[in-house]
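# Report on the structure
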Amino acid sequence: MSNQALLSAYDRQEAESFLERVSDIINAGAQAIMISIGHRTGLFDVMSTMPAGTSAEIAAEAALAERYVREWLAAMVTAGIVRYDAATATYRLPSEHAACLTRKGEMGNLAVYAQAIPLFGSMQEKALEFFETGGGSRYEDYPCFHRFMAEDSDQTVVTPLFDTILPLVDGASERLESGIEVLDAGCGRGHALIAMAARFPNSRFTGYDLCADAIEHARNEARNRALQNVRFEVRDLTGFSEPRRFDLVMSFDAVHDQKDPQGLLSGLYRSLKPGGVHLMQDIGGSARLENNLDFPMASLWYTASCLHCTPVSIGQGGEGLGTMWGWETAERMLGIAGFQSVERHFLPHDPANVWFVSRRAPDA
Ligand SMILES: C[S@@+](CC[C@H](N)C(=O)[O-])C[C@H]1O[C@@H](n2cnc3c(N)ncnc32)[C@H](O)[C@@H]1O
């Protein structure tokens, strides 16, 4: 195409509306950081229990510094999250907004996910190096990653565990009640395992994770709850091998960012007793970019991939599969690992993830 033709094809109106869209994106990024602050400080929770209040009243109720609270409130008002009455200089969080921004909100707490924006943003300088060198990161590079992750899985895994998730595995609850061996591979802070250990005292639960700080947190919680049937250990699962030891093996969002996902899945298969079951949650996108254009919060998952899941795998010397490795890849790898039957489930409460129930044949 000639320069003249390119110039006449240029759509000025489209350029202007795209500029507006980019402005909106930058503004929304700032709003996400402030939603994260509202979650971490407890300001949303405090405001959800108060009538309209001045910045001084809200700051006092939250035990925070008024000057910062006032600035945060201004960001929330201009974002359309908090309502402001100029006549009385009071602020109010509508209950319809509190429904998805608070710890007791009836629609879950989306503010948890807003934390991802400052968390991944804090990696910018290191990421710039990775783009040049191809290098990778360590879990310790991410401030509060395991706290964020535990809050995420509290919503997608722990709360619906007994009513929605364990029923995916036929007969699981009955077997857990009578007493079986269970592994959580890449357990993080171990909330799912702790909930199961409390519910099923006849079963024995083991949690392994690479990160000592996450395991310490899990151990403390198990100790505080006086649970005798759960054990947590710092363990690099690369080359994992404990043949025929477990009846149920679980991994919640913990395969794709490992050094060697295929090696791990094969090790998990071998660690099952014949007839045992592997229950796996992972990101539910497709391996093909063109299939993910309408996937919920797809840009967030590709960002998580670029700034967390890919670099932590590469940082372990791994292949860097990435967050959006895709359910097709996961399913293929489960087959290569040896699983004879693999069921795939998409659950309404957890639109970003796919759930796999894979079985080792009783005679395998
Ligand atoms: C996305 S987090 C999920 C944690 C937890 N399952 C949850 O749902 O909260 C992935 C976990 O895998 C662990 N992990 C990554 N590579 C590992 C490895 N090579 N060995 C053991 N754990 C590993 C990380 O430490 C992290 O806790």
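You'll find the structure just up there.
Presented here is a report on the structure given in the accompanying data block.

The rules behind each value
- Residues numbered from 1 in each chain as written.
- Predicted model: local features only at pLDDT ≥ 70, side-chain atom pairs only at ≥ 80, totals over all residues.
- Heavy atoms only, no water.
- Near = heavy atom within 4 Å.
- Polar contact = N/O pair within 3.5 Å; in protein donor to acceptor, adjacent residues only side chain to side chain.
- Areas by Shrake-Rupley, 256 points an atom, 1.4 Å probe, with all protein chains shown as cover.
- Helix = DSSP H or I, 4+ residues; strand = E, 2+ residues; numbered from the N terminus.
- Nonpolar A, V, L, I, M, F, W, Y, C, P; charged D, E, K, R; others polar.
- Buried < 20%, exposed > 50% of the residue type's maximum accessible area, 1.4 Å probe, protein only.
- Contact = heavy atoms within 4.5 Å.
- Axes fitted to C-alpha atoms, helices over the stretch in contact; angles between N-to-C directions.
- Left-handed = near helix turned anticlockwise from the far one by under 90°.

## Side note on the site of the ligand
As a structural note, the neighbourhood of the ligand is formed by 21 residues, with Gly-186, Asp-209, Leu-237, Phe-252 and Gln-316 the closest of them. Contact distances for the ligand include 3.1 Å between a nitrogen atom and a backbone N or O atom of Leu-210. Protein chains bury 98% of the 590 Å² of accessible surface belonging to the ligand in isolation. The dominant element in the shell around the ligand, judged by the number of residues it contributes, is helix H10 (residues 145-158), at four residues. Tallied by class, the residues present in the shell around the ligand amount to nine nonpolar, seven polar and five charged.

## Some thoughts on the side chain of Gln-262
Tracing the backbone through its elements, the reader meets Gln-262 in helix H15 (residues 261-271). Residue Gln-262 is classed as buried on the basis of its relative accessible area, which comes to 17%. Of the polar contacts made by the side chain of Gln-262, one reaches the backbone oxygen of Met-333; its length is 3.1 Å. Not counting residues up to four positions away in its chain, the partners in contact with Gln-262 are Met-333, Ile-336 and Ala-337.

## Considering the packing of helix H4 (residues 55-62) against helix H5 (residues 66-78)
Put simply, H4 and H5 touch, their axes get as near as 9 Å, and they point 115° apart. The chirality of how H4 crosses H5 is right-handed. Facing Ser-55, Ala-56, Ile-58 and Ala-59 of H4, the residues of H5 in contact are Glu-66, Val-69, Arg-70 and Leu-73. For the contact of H4 with H5, a count of residues per class yields five nonpolar, one polar and two charged.

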